[in-house]
Amino acid sequence: MDAGKERTDEAEGLRLVRAFLSLPPDKRAEVIAFVEELARAHAQPGEGEGTSPT
């Protein structure tokens, strides 16, 4: 990854953090719950994984 792309990613991350911090506490809680749900779903093995279609 080149330095320009890294700076762009870093700036985008900072914008997201700033937007998150500007939310009221109840909306922040919703965002946290949503992200935790996504993380749990991503961490679980997919249903039907390892089976061959017939």
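Quick caveat, the model's predicted, so the values are computed rather than measured.

Draft legend 1. A look at the overall build of the chain. From N to C terminus, the chain includes two helices and zero strands. Expressed as a percentage of the 54 residues in the chain, the buried residues total 0%.

Draft legend 2. Geometry of a nonpolar patch on the surface. A contiguous nonpolar patch, built from Val31, Phe34, Val35 and Leu38 and spanning about 360 Å² of accessible area, is present on the exposed surface. As for its position among the elements, Val31 is in helix α2 (residues 25-43).

Draft legend 3. Fine view of the pattern of salt bridges. Following the criterion strictly, the structure yields three salt bridges and no others. Between Asp9 and Lys5 there is a salt bridge, with its nearest N and O atoms 3.4 Å apart. Note that Asp9 and Lys5 are positioned in helix α1 (residues 3-22) at a spacing of four residues, about one turn of the helix. Between Arg15 and Glu12 there is a salt bridge, with the nearest N and O atoms lying 3.0 Å from each other. Linking Arg15 with Glu12, this pair stays in helix α1, spanning three residues, or about one helical turn.

Definitions and cut-offs
Residues numbered from 1 in each chain as written. Predicted model: local features only at pLDDT ≥ 70, side-chain atom pairs only at ≥ 80, totals over all residues. Heavy atoms only, no water. Helix = DSSP H or I, 4+ residues; strand = E, 2+ residues; numbered from the N terminus. Buried < 20%, exposed > 50% of the residue type's maximum accessible area, 1.4 Å probe, protein only. Patch = residues over 30% accessible without salt bridge, like charges linked within 9 Å, V, L, I, M, F, W, Y side chains within 5 Å. Areas by Shrake-Rupley, 256 points an atom, 1.4 Å probe, with all protein chains shown as cover. Salt bridge = Lys/Arg side-chain N within 4 Å of Asp/Glu carboxyl O.

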